[in-house]
Amino acid sequence: MKHDEMSVIEHITELRKRLVIVVVFFFLAVIAGFLLSGPIIKYLQHTDEAKSLTLNAFNLTDPLMVYMKFAFIIAFVITSPIILYQLWSFVSPGLYEKERKVTLSYIPISVFLFLLGLAFAYFILFPFVIDFMERISNDLDVNQVIGINEYFSFLIQLTLPFGLLFQLPVVIMFLTRLGIVTPMFLSSVRKYAYFVLLVIAALITPPELASHLMVSIPLFILYEISIWVSRITYRKSQKLRFEEENKK
């Protein structure tokens, strides 16, 4: 059944079914997240960035808060393919058969880009930021007393946005397939997009030029890749729609 043939009630019922599936899987993933959090937290505590620091608990609930944060992040990562598949299942009735197959392949690409974004932030940006912060503390002769909750919160706030930002090419590809955006539109708003990306980079990095450039330049490259991907997707989508319409 096509989306335009479905009533509003049918749309709501279908959406509710998809949400229930996601919630159930997320609940199970949270349980798995609690089991995996301990080993991951201990590993991160012994990395080069953390082993030189003495992590303290300023509140009795701080270790629990860290566990919960990691459990929910792990649950989100585990559930993300399910979320994307349910989203695809919801919109796929409105797509042509070939478009369904193509857009389904976006799911593993999206998961890969999310993990790639996390890896970039953790292995490249995070060590640089930690070293920068330590140099400032040493210059000011400040003895750092760092809370475990604050340390891991900072780590999450710095790395998680990159997992989401690295989704940009896939999101643009998907929106182009749906006809919501075009490569012409993306090219016309490039300067505004660059400004927004500069602001995002400023919000997630310390006030230092090198780290700001380390974030801004990859984001600009991602945007240009997104335009290139959109052009290819747009041409293929137009060709497919032309072929499908001629069959009727």
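Description of the structure in this document. (Residues numbered from 1 in each chain as written. Predicted model: local features only at pLDDT ≥ 70, side-chain atom pairs only at ≥ 80, totals over all residues. Heavy atoms only, no water.)

Here we look at helix α9 (residues 190-204)
(1) Moving on: Here α9 spans 21 Å end to end across 15 residues, near enough to the 21 Å set by a 1.5 Å rise per residue.
(2) Moving on: Where α9 is concerned, the buried positions are Ala193, Leu197, Ala201 and Ile204. All buried residues of α9 lie within an arc of 80° about the axis, which places them on one face of the element. Looking at α9, the residues exposed on the side facing more than 90 degrees away from the buried face are Lys191, Tyr192, Phe195 and Leu203. (Helix = DSSP H or I, 4+ residues; strand = E, 2+ residues; numbered from the N terminus. Expected span 1.5 Å × (residues − 1). Buried < 20%, exposed > 50% of the residue type's maximum accessible area, 1.4 Å probe, protein only. Arc of directions from axis to C-beta.)

Description of the pattern of salt bridges
(1) Moving on: What the rule picks out here adds up to four salt bridges.
(2) Moving on: Notably, a salt bridge pairs lysine 17 with glutamate 14, separated by 3.7 Å at the nearest N-O pair. Here glutamate 14 and lysine 17 lie together in helix α1 (residues 8-45), a separation of three residues that amounts to about one turn.
(3) Moving on: Given the relative accessible area of 42%, lysine 17 is considered partly exposed.
(4) Moving on: By relative accessible area, which is 18% here, glutamate 14 ends up buried.
(5) Moving on: The salt bridge partner of glutamate 224 is arginine 190, with a shortest N-O separation of 2.8 Å. Of this pair, glutamate 224 sits in helix α10 (residues 209-247) while arginine 190 sits in helix α9, and the two are 34 residues apart along the sequence.
(6) Moving on: With a relative accessible area of 29%, glutamate 224 lands in the partly exposed category.
(7) Moving on: Arginine 190 sits in the partly exposed class, given a relative accessible area of 27%.
(8) Moving on: Look at the salt bridges and you will find they share partners, linking Glu14, Lys17 and Arg18 into a network. (Salt bridge = Lys/Arg side-chain N within 4 Å of Asp/Glu carboxyl O.)

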